[in-house]
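In case you want the letters, here they are:
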Amino acid sequence: MPWYSHIEATNKTAALAGPWCVAGMMVTEYLFDDSSVAFFVSSIPFFFVPILLYVFGLDNVKPMGISEGFEAIATPEYWRNFARIGLRMIVWFVASAITMFFVALIRGVINGGI
């Protein structure tokens, strides 16, 4: 059984993924040009992986065809999962926004803007 099969996406993990994404993307932005391949590659562990593991959850990410996708939308289980994922997305976004607010505040104090 792979190591990542034990990871469960919860509201707490989504809240912790927010600051991780902000900190990692700040470092990535500082080191690389926004349009470079290195920027995209370095954003994988700081943005895409935390979102996939801790916000969406691997148990909710399943490859399926178009017909299977339309059939899945009609089930109550899909909408229960959709509500949980939606809440985790909101938690992640709010945690990211709060972190970015404090980062901007600290940057302003350090640079003498405040």
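It should be noted that the structure appears before, not after, this text.
Computed from a predicted structure; not experimentally measured. (Residues numbered from 1 in each chain as written. Predicted model: local features only at pLDDT ≥ 70, side-chain atom pairs only at ≥ 80, totals over all residues. Heavy atoms only, no water.)

### Comments concerning the overall build of the protein
- Helices and strands together make up the secondary structure of the protein, namely four helices and zero strands.
- For the protein, the α and β elements follow one another from N to C terminus as α-α-α-α.
- Counting all 114 residues of the protein, 24% fall into the buried class.
- At a minimum sequence separation of 6, the contacts of the protein that also span at least 24 residues come to 70%.
- As presented, the protein carries roughly 8200 Å² of accessible surface, and 73% of it is formed by carbon and sulfur atoms. (Helix = DSSP H or I, 4+ residues; strand = E, 2+ residues; numbered from the N terminus. Buried < 20%, exposed > 50% of the residue type's maximum accessible area, 1.4 Å probe, protein only. Contact = heavy atoms within 4.5 Å. Areas by Shrake-Rupley, 256 points an atom, 1.4 Å probe, with all protein chains shown as cover.)

### Things to note about the environment of I98
- Tracing the sequence through the fold places I98 in helix α4 (residues 76-110).
- Under the relative-accessibility criterion, I98 is labelled partly exposed at 46%.
- Taking the C-alpha atoms as reference points, I98 and P19, 79 residues apart in sequence, are found 8.5 Å from one another.

### Digging into the environment of V91
- With respect to the element layout, V91 can be found in helix α4.
- Each C-alpha atom of the pair V91 and V55 lies 8.8 Å from the other, and the pair is 36 residues apart in sequence.
- Ignoring anything within four residues of it in the chain, the contact list for V91 reads N11, A14 and A15.

### What to know about helix α1 (residues 11-31)
- With 21 residues, α1 extends 31 Å between its outermost C-alpha atoms, agreeing within 8% with the 30 Å of an ideal straight helix rising 1.5 Å per residue.
- For α1, every residue scored as buried is listed here: T13, A14, A17, G18, C21, V22, G24 and T28. (Expected span 1.5 Å × (residues − 1).)

### A word on the side chain of T28
- Inspection of the secondary structure assignment puts T28 in helix α1.
- Those residues in contact with T28 that lie beyond four places of it in its chain are F39, S42, S43 and F46.

### Some words on the packing of α1 against α4
- One way to put it is that α1 packs onto α4 with a least axis distance of 7 Å and a crossing angle of 40°. Taken together, α1 and α4 sit at an angle that is classed as oblique. Here α1 runs over α4; the crossing is right-handed. Touching N11, A14, A15, A17, G18, P19, C21, V22 and M26 of α1 are L87, R88, V91, W92, A95, S96, T99, M100, V103 and R107, all from α4. (Axes fitted to C-alpha atoms, helices over the stretch in contact; angles between N-to-C directions. Parallel < 35°, antiparallel > 145°, perpendicular 65-115°, else oblique. Left-handed = near helix turned anticlockwise from the far one by under 90°.)

### A few points about a nonpolar patch on the surface
- Nonpolar side chains collect at one region of the surface, where I90, F93, V94, I98, F101, F102, L105, I106, V109 and I110 lie side by side and expose about 1000 Å² of accessible area between them.
- Relative to the helices and strands, V94 is located in helix α4. (Patch = residues over 30% accessible without salt bridge, like charges linked within 9 Å, V, L, I, M, F, W, Y side chains within 5 Å. Salt bridge = Lys/Arg side-chain N within 4 Å of Asp/Glu carboxyl O.)

### Details of the packing of aromatic side chains
- All told, the structure shown has six aromatic pairs when counted by the stated rule.
- Seen in terms of ring centroids, W79 and F82 are 5.3 Å apart; in terms of plane orientation they differ by 70°. Their pairing is edge-to-face. In this pair, W79 and F82 are both assigned in helix α4, three residues apart and thus about one turn of the helix distant.
- With relative accessibility at 44%, the residue W79 sits in the partly exposed group.
- With 5.2 Å between their ring centres and 75° between their planes, F101 and F102 make a pair best called edge-to-face.
- A relative accessible area of 51% places F101 in the exposed class.
- Using a relative accessible area of 46% as the deciding quantity, one classes F102 as partly exposed.
- Cluster of aromatic residues (ring-pair linked, three or more members): F40, F47, F48 and W92. (Phe/Tyr/Trp six-rings, centres within 6.5 Å; stacked < 30°, edge-to-face > 60°.)

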